[in-house]
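Analysis of the macromolecular model
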Amino acid sequence: MKRFLILLLLLSFQLLWSQNPSEDFLGSWYTYGSNHRLSEKLSITPYGELRFYEASSNYNLAFASLRGNYHLDSKSTLGLGYAFLDIDTVFEFDNAPNIIEHRIFEQYVYKHNIGKIKFTHRGRLEQRFIELIDRNELQNRLRYKLSLRYNLNKTFFLILSDEPFVNFQDQVFHENRFYSGIGINVFKNSQIQIGYLKQNIRKSNLNRIQIGISFQTDSRKQKTNLAQR
């Protein structure tokens, strides 16, 4: 009887705190990213994302973006991009139309090393044109992402990142994303990452598995370095 009461108490707490059904499921994010270096100063970055409330079902969101980058130097980059989002905010099946968002964003990225750890700082400003069911809204927010990468060897590396969001409307600190994962250098210019994402968004705490693939190309002419021969 004592064990039964403890179990009943734990179940009661679970029901009390699980305000959002999506918190009870391990969802998934599948991502695709690439970077194409066009010249010494210019590059473009296509990116795509598909999210599910559950591991491989219960559609949540589709995201597609294209960003142009201007490389100030080897460490600093300015970016300007556009993104399209199709969002289903309801966990269960419904007949309501999805929310559509058109997004313009500007960003600054700075990279540096401390010992064997590679640091990446990204500040991003977003203008979000959101098409709700009954109205359209323009929302603005600021994001700052800090990423750390540590190479275990030539094949495997570890990634750790955190990204808080600052909303210029209601509920200023409305989202935070913490990610930890492992990456694999499949070929010279392509990688696969598998990791865990903890997404705190408004009053929901979501647990997500993130699987991503990325690759890079470089169209710059290779310079001959006589000193390295």
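Here we summarise the structure given alongside this text. (Residues numbered from 1 in each chain as written. Predicted model: local features only at pLDDT ≥ 70, side-chain atom pairs only at ≥ 80, totals over all residues. Heavy atoms only, no water.)

Next up on the list: the overall build of the protein chain. Within the protein chain, the secondary structure is distributed over one helix and eleven strands. In sequence order, the protein chain lays out its α and β elements as α-β-β-β-β-β-β-β-β-β-β-β. Counting over 229 residues, the protein chain shows a buried share of 34%. Of all intrachain contacts in the protein chain linking residues separated by at least 6 positions in sequence, the fraction that spans at least 24 positions is 44%. (Helix = DSSP H or I, 4+ residues; strand = E, 2+ residues; numbered from the N terminus. Buried < 20%, exposed > 50% of the residue type's maximum accessible area, 1.4 Å probe, protein only. Contact = heavy atoms within 4.5 Å.)

Throughout the structure, instances matching the rule amount to three aromatic pairs. Between Tyr 30 and Phe 52 the ring centres are 6.1 Å apart and the planes differ by 70°, which places this aromatic pair in the edge-to-face class. Of this pair, Tyr 30 sits in strand β1 (residues 26-37) while Phe 52 sits in strand β2 (residues 42-52), and the two are 22 residues apart along the sequence. For Tyr 30, a relative accessible area of 33% puts it in the partly exposed group. Of the residues examined, Phe 52 reaches a relative accessible area of 14% and is grouped as buried. With a centroid separation of 5.8 Å and 75° between ring planes, the pair formed by Tyr 47 and Phe 63 is classed as edge-to-face. One end of the pair, Tyr 47, is in strand β2; the other, Phe 63, is in strand β3 (residues 59-71), and 16 residues separate them in sequence. Taking the relative accessible area as the measure of exposure, Tyr 47 reaches 28% and is therefore partly exposed. The exposure class of Phe 63 is buried, given its relative accessible area of 11%. Stacked on the ring of Trp 29, the Lys or Arg Arg 51 has its end atom at 3.7 Å from the ring centre. (Phe/Tyr/Trp six-rings, centres within 6.5 Å; stacked < 30°, edge-to-face > 60°. Lys NZ or Arg CZ within 6 Å of the ring centre and 35° of its normal.)

Trans is the prevailing form of peptide bonds, just as negative phi is the prevailing case for residues other than glycine. Here Asn 58, not a glycine, exhibits a phi torsion of approximately 65°, which is positive. Within the secondary structure, Asn 58 is located in the loop between β2 and β3. You can call Asn 58 partly exposed: its relative accessible area is 21%. A positive phi angle, near 55°, is found at Arg 202, a position not held by glycine. Counting through the fold element by element, Arg 202 comes out in the loop between β10 (190-201) and β11 (204-218). A residue is classified by how much of its surface remains accessible, and Arg 202, at 42% relative accessible area, is partly exposed.

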